[in-house]
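Observations on the three-dimensional arrangement
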Amino acid sequence: QIASGLHSAGVRRGEFVSLLLPPGPARTAVAHACWRIGAVVVATSTELTLRECEQAHRQARPGVIIANRSGLILTRAERSPWLRLAVGRLRGLNRAVLGVGDNLADLVAHHPHITVPPPPAPDDSAALLFARDRNHQPVGVYYTTAELSQVRDTVAEFLTARPRDRARTDDRLHP
């Protein structure tokens, strides 16, 4: 439904979408919706400073910003995005000051079942993530759809329980 809402708002394959949300279910759901329609997710690590996040955001120049109130405040001076969506409710004055056109939940409610495009190709860009490298310097890293799929598969494999992983009991403790 989020993918349908974003697609109906004009977000297309290859569009840079900045997610200024803390790690959690909302960020995960929006990221997957972006990937479903082929948009490129721009995200920053929580270990970056506020100034580094601002610099990363300016370098990425996303066309869409999806953020909570803090993220919208961080990017209020940015004039390049053509779409700014709030996650969470904002009062009318806050919406105007922060340049928010709509709330993500309202967008989804108004366009619940719009047809979305075919899934992206494996070599399509999927994410631009800003984090720190081994030398603790801020760095941006691109991922393709195939690379993110490999990360997903690795995590799924690691988290999948197998029969041999069951806890063993010590028979001496259980007569």
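Below is a summary of the structure that appears in this document. (Residues numbered from 1 in each chain as written. Predicted model: local features only at pLDDT ≥ 70, side-chain atom pairs only at ≥ 80, totals over all residues. Heavy atoms only, no water.)

What follows deals with the pairing of strand β7 (residues 138–144). Where strand β6 (residues 125–132) and β7 come together, 7 bridges link them in antiparallel fashion. By the bridge assignment for β7, Ser-125 is matched with Thr-144. In textbook terms, the turn of a hairpin is the stretch between consecutive antiparallel strands, and for β6 and β7 this stretch comprises 5 residues, one of which, His-136, has a positive phi near 65 degrees. (Pairing = 2+ DSSP bridges. Helix = DSSP H or I, 4+ residues; strand = E, 2+ residues; numbered from the N terminus.)

Right, let's get into helix α2 (residues 25–37). Here α2 contains 13 residues, and its C-alpha end-to-end distance of 19 Å stays within 8% of the 18 Å for a straight helix at 1.5 Å per residue. Along α2, the positions that sit buried rather than exposed are Arg-27, Val-30, Ala-31, Ala-33, Cys-34 and Ile-37. Seen from one end, α2 has its buried residues packed into an arc of 160 degrees, which puts them on one side. Along its buried surface, α2 packs onto α1 (2–8), β1 (16–20), β2 (40–44), β3 (64–67) and α6 (104–110). Where α2 terminates, the next one or two residues include Gly-38, which has phi positive at roughly 90 degrees. (Expected span 1.5 Å × (residues − 1). Buried < 20%, exposed > 50% of the residue type's maximum accessible area, 1.4 Å probe, protein only. Arc of directions from axis to C-beta. Contact = heavy atoms within 4.5 Å.)

Taken together, Val-151, Val-155, Phe-158 and Leu-159 make up a surface patch of nonpolar side chains, about 440 Å² in accessible area. Counting through the fold element by element, Val-151 comes out in helix α7 (residues 145–159). The exposure class assigned to Val-151 is partly exposed, which follows from its relative accessible area of 42%. (Patch = residues over 30% accessible without salt bridge, like charges linked within 9 Å, V, L, I, M, F, W, Y side chains within 5 Å. Areas by Shrake-Rupley, 256 points an atom, 1.4 Å probe, with all protein chains shown as cover. Salt bridge = Lys/Arg side-chain N within 4 Å of Asp/Glu carboxyl O.)

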